[in-house]
Amino acid sequence: MKKHVMYMTVLSAFLFASSCKQNEKETEPIKPKETVEVTYQGVPITNAYDSKIDSLIALMTIEEKTGMLHGNSMFATKAIERLGIPELTMADGPLGVREEISRDSWAAAGWDNDFATYYPAGGGLAATWNTELSYLFGTSVGEEAIARDKDVLLSPAINIIRTPLGGRTYEYFTEDPFLNKKLTVPFIVGVQENDVAVCVKHYAANNQETHRDYVDVQIDERALREIYLPAFKAAVQEAQAYSFMGAYNKFRGEYLCENGYMLNDVLRDEWGFKGIVISDWAAVHDTKKSIENGLDVEMGTPKPFNEFYYADALIEKVKSGVIAEADVDVHVKRVLQLMFSLKSIDDAGRAKGSINTEDHFQDAYKIAAESVVLLKNENNQLPIKLDGVKSIAVIGNNAKKKNALGGFGAGVKTKREVTPLEGLQNRLPESVTINYAEGYLERYSNDEKAKLGDITLNGPVTIDKLEPDMLEEAIKAAKSSDVAIIFAGSNRDYETEASDRASLKLPFGQEELIEKVLEVNPNTIVVIIAGAPFDIQNISQKSSVLIWSWFNGSEGGNALADVILGNVNPSGKLPWTMPKKLEDSPAHATHSFPGDESVNYTEGILVGYRWFDTKNIAPLYPFGYGLSYTNFEFSDLKTNKSTYKTDEVIQVSFKVKNTGDFSGKEVAQLYVSDPESYVEKAAKELKGFKKVFVKQGEDQEVVMTLPVKELAYYNEVKKSWLVEPGTYILKLGNSSRHIEKEVVIEIHK
């Protein structure tokens, strides 16, 4: 049972639509529900409330205060039982609620009741381009977190994808700040409706794993504001996020967990953040600087908990007068405000939630089904037409690979993870024989993941040689089957937190395997399962059908099978640019990745498709790209006026017509160009999108609203956002490189 009835038009669409039908309902933007009481982040702003917190603080010893500000176990602060204050409990959560671990180590606790739903990774959610599914994800995982008595879910991870080599690209959303914030806000709202705080991470400029513990990131102020901060700002001002996680790295010379500019000047003073800032694990370096510059809670890795910077060291500095106890009280009060708002101190009326349920598995399915991206489909080979098909070869280690657990980062202990092979077995009729061949082995140097967790550019070192007998088995299966499907790509052992990849090359000899299979069976479907771009240019040229899927959750295999067989019309769009070669990507074209002691983001605002489109570099597949089993046309693009002032809202309308044979969803993408700008701007920037369902042969009118203030750039001299007067071009298409219609508007002061 959902805790809150919020935007019933949104929820009813998910609760009553079947998994294969598309939702036609237009919905309002998702935002925190209205309350009668004057609040901030659910905390009543009253003298009586403040007095209650102040009275508790007055009763505390300095030892008790510091206990609330640092980890007393791997994922909890210390309780003050005599005052009725419980632990503040946390859980990793990008893929779902992490299994319980030991209190003083990373070892699994060994519980038998900590199973959870495995949800699609961030890349999969972003590929849906569907804000309603982002809200559904948040609501669903929030219900699971509260069912496990967690106060804080360490999610979402919303750093911009700057390099395709990034070890956490699979976990992050996108390279685009607008898409990023539009997915971030509803996710946060959904989680926090369940009396669980999100912890938005990693604040900020944490865009690589290489040297992440110490690298000093240099970004000009305009790029910082336009590219790297919009989603974090929206998390505060639109979603009212309860907590942020301070990142490992430095920013302009100061570690981010003691960075006064980022934590105090921007986050609190400028944006008005009232929640708590939690450190990434072992990201604190100085007690006094962290206390004075805005860090509230220090969490860490296994060592005696009294050795944390906010433990004995903080007590000593207070007693010696180096740090004022009143400064400590500020942070304790923030933690107590959060605990009262979550009802964790007095849990009367607190949400109960549910976990590991069929409803939540279906939530995961809905996200996965809309995330699959169809990259190529020559001669309409898909969906598979089963008439006359007696056998299908299923080839590849990824057909059986499970990704809920794996890699250096947080995973999920789940009772259900449907693999692609199992999905086909579930969906194909009994008359069709499946001939499985593993094809390649997932192997690493010295039969171990040699570089896993080393904070390096190398990543796990793979063995890329095929075994002759396995290759022969795969070729035999392909030859003897009517259709072949190769499941290739990556996995969460290879794409992992704590290391970036050394190259875009497909691991384990897969490219050779795919080429050999294509030679013997032209009726071959290539499915890449991965979270980040790979070099698939040759594969794309040689194959007639190419699908991109993700680390896609408990129901990922069923969703993928439904797309292949036509039970679901694919509607996923790439949330990042697929380069032809690594050197085309901006961080690599400018030789500014990964840096050493410091890294300078010399590409500035030209991140992702902004670089490719502005520099006229052709990508392999552009940002926003994805095919359907049907065709769509845009027409009648117009605005409600031709001239606007800077405080107005542009209303854009157009028609989407389905000219093909399948009902389906299209993502209409609105980009803006400013050809007369006095400052450097990208050739185009995403400023609106909407996913719309259109029945075959029909059309639908779509309306988007675009506040003129979204056209602003950040002026570094005036330290403010400015909208330049003049001519702007609104461009409508279904990717950054496929623009169908344009309309010109004028902006006046």
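The model shown is predicted, which means the values in this text are computed figures rather than measured ones.

1. Structural notes on the overall build of the chain
A tally of regular secondary structure across the chain gives 20 helices and 29 strands. Taking 2.2 N^0.38 as the reference for a compact globule, 749 residues should give roughly 27 Å; the C-alpha atoms of the chain span a radius of gyration of 26 Å, in line with that estimate. For the chain, the spread of C-alpha atoms along the three principal axes comes to 80 × 65 × 50 Å. Looking at the 749 residues of the chain, the share that counts as buried comes to 63%. Of the contacts formed within the chain by residues at least 6 apart in sequence, a portion of 77% connects residues at least 24 apart. On the chain, roughly 27,200 Å² of surface is accessible, and the fraction owed to carbon and sulfur atoms is 47%.

2. Considering the nonpolar core
In terms of nonpolar packing, the biggest core is built from 160 residues, with Met90, Tyr203, Phe244, Ile485, Phe487, Ile525 and Ile564 touching the most fellow members. Considering each element in turn, this core owes the most residues, 8 residues, to helix α6 (residues 177-192). Other than its neighbours up to four places away in sequence, Tyr203 contacts Leu229, Phe232, Phe244, Met245, Gly246, Ala247, Leu256, Met262, Leu263, Val266, Leu267 and Trp271. Counting residues in hydrophobic clusters, the runner-up holds 42 residues, among them Ile486, Tyr494, Ile539 and Trp576.

3. Regarding the pairing of strand β16 (residues 483-489)
The element β16 is extensively covered by neighbouring structure, given that 7 of its 7 residues are classed as buried. Residues Val483, Ile485, Phe487 and Gly489 line one face of β16 and the alternating positions Ala484, Ile486 and Ala488 line the opposite face, and both faces are buried. Judged from the 4 bridges that link them, strand β14 (residues 391-395) and β16 form a sheet pairing that is parallel. The residue of β16 that forms the bridge with Val394 is Ile485. Sheet topology note: the β16/strand β17 (residues 524-529) ladder contains 6 bridges and is parallel. Each residue of the ladder has a partner; that of Ala488, found in β17, is Ile528. Of the crossover connections in this fold, the one passing from β16 over helix α16 (residues 510-520) to the parallel β17 is right-handed.

4. Some words on α6
The α-helix winds at 3.6 residues per turn, so residues separated by three or four positions along the chain end up facing the same way. For α6, spanning 16 residues, the distance from its first C-alpha to its last is 22 Å, which sits close to the expected 22 Å at 1.5 Å a residue. Counting buried positions along α6 yields 15 of 16 residues, so the element is predominantly enclosed. For α6, the N-terminal capping position is held by Asp176, with its side-chain oxygen 3.0 Å away from the main-chain nitrogen of Phe178.

5. Looking at helix α7 (residues 221-228)
Among the 8 residues of α7, 8 are classified as buried, and the element is accordingly described as predominantly covered. The backbone nitrogen of Arg222 has a side-chain oxygen 3.1 Å away, supplied by the residue at the start of α7, namely Asp220.

6. As for the pattern of salt bridges
As enumerated under the stated definition, the model contains 49 salt bridges in all. Asp296 is the partner of Arg268 in a salt bridge, and the nearest nitrogen-oxygen pair spans 2.7 Å. With Arg268 in helix α9 (residues 260-270) and Asp296 in the loop between α10 (287-292) and α11 (312-319), the pair connects residues that are 28 residues apart, well separated along the chain. The salt bridge partner of Glu370 is Lys665, with a shortest N-O separation of 2.9 Å. Of this pair, Glu370 sits in helix α13 (residues 358-371) while Lys665 sits in strand β23 (residues 664-673), and the two are 295 residues apart along the sequence. Relative accessible area serves as the criterion here: at 11%, Glu370 is assigned to the buried category.

7. Describing the packing of α6 against helix α8 (residues 230-237)
The contact between α6 and α8 brings their axes to 8 Å, and the two run at 30°. Classified by the angle between their axes, α6 and α8 sit roughly parallel to one another. The element α6 and its partner α8 pack so that their crossing is right-handed. Mapping the contact onto sequence places Pro177, Asn180, Lys181, Thr184, Val185 and Ile188 in α6 and Pro230, Ala231, Ala234 and Ala235 in α8.

8. A few points about the sheet that holds strand β21 (residues 643-645)
With respect to topology, 5 strands assemble into an open sheet ordered β21-β29-β28-β23-β24, the strand pairing being mixed. Because the sheet does not close on itself, it has two edges, and the strands there are β21 and β24 (685-694). On average, adjacent strands in this sheet sit at an angle of 30° to one another, irrespective of strand direction. Where β23 meets β24, 9 bridges bridge the pair, whose relative direction is antiparallel. If you follow Val672 over to β24, its bridge partner there is Glu685.

9. Brief notes about the state of the cysteines
Each disulfide consists of one covalent bond between the sulfur atoms belonging to two cysteines. Following the criterion strictly, the structure yields 0 disulfides and no others. Its sulfur unpaired, Cys199 is 10 Å from the next cysteine sulfur, which belongs to Cys257.

10. Comments concerning the packing of helix α14 (residues 420-427) against helix α18 (residues 556-565)
Packed helices, taken two at a time, are described by the angle between their axes plus the distance between the axes. Interhelical geometry of α14 versus α18 gives an angle of 60° and a closest axis separation of 7 Å. The pairing of α14 with α18 is recorded here as oblique in orientation. Viewed along their axes, α14 and α18 form a crossing whose handedness is right-handed. Judged by residue contacts, Pro420, Gly423, Leu424, Asn426 and Arg427 of α14 engage Gly557, Asn558, Leu560, Ala561, Asp562 and Leu565 from α18. Looking at the contact of α14 with α18, its residues break down into 5 nonpolar, 4 polar and 2 charged.

11. Observations concerning the confidence of the model for the chain
If pLDDT is low for a region, its predicted coordinates should not be looked at in detail. Per-residue confidence for the chain gives a mean pLDDT of 93, with 93% of residues at or over 70. Confidence drops under pLDDT 50 across residues 1-26; counting only partners more than four residues distant or on other chains, this segment forms 58 contacts. Segment residues 35-48: pLDDT under 50, and 24 contacts once partners within four positions in sequence are set aside and those in other chains are kept.

12. Section: the sheet that holds strand β18 (residues 545-549)
Across the sheet, which stays open at both edges, the 6 strands sit in the order β13-β18-β17-β16-β14-β15 with mixed pairing between neighbours. Either end of the sheet is taken by a strand with one partner, and the two such strands are β13 (373-377) and β15 (433-437). In this sheet, adjacent strand axes meet at a mean angle of 20° when their direction is disregarded. Across the face of the sheet, α14 comes into contact with β14, β15, β16 and β17 while running at roughly 170° to β15.

Cut-offs used in this document
Residues numbered from 1 in each chain as written. Predicted model: local features only at pLDDT ≥ 70, side-chain atom pairs only at ≥ 80, totals over all residues. Heavy atoms only, no water. Helix = DSSP H or I, 4+ residues; strand = E, 2+ residues; numbered from the N terminus. Rg over C-alpha atoms; globule rule 2.2 N^0.38 Å. Buried < 20%, exposed > 50% of the residue type's maximum accessible area, 1.4 Å probe, protein only. Contact = heavy atoms within 4.5 Å. Areas by Shrake-Rupley, 256 points an atom, 1.4 Å probe, with all protein chains shown as cover. Core = buried A, V, L, I, M, F, W, Y, C linked by side-chain atoms within 4.5 Å. Pairing = 2+ DSSP bridges. Right-handed = clockwise from strand over helix to strand, strands pointing away. Expected span 1.5 Å × (residues − 1). Polar contact = N/O pair within 3.5 Å; in protein donor to acceptor, adjacent residues only side chain to side chain. Salt bridge = Lys/Arg side-chain N within 4 Å of Asp/Glu carboxyl O. Axes fitted to C-alpha atoms, helices over the stretch in contact; angles between N-to-C directions. Parallel < 35°, antiparallel > 145°, perpendicular 65-115°, else oblique. Left-handed = near helix turned anticlockwise from the far one by under 90°. Disulfide = S-S within 2.5 Å. Nonpolar A, V, L, I, M, F, W, Y, C, P; charged D, E, K, R; others polar. pLDDT = per-residue confidence, 0-100.

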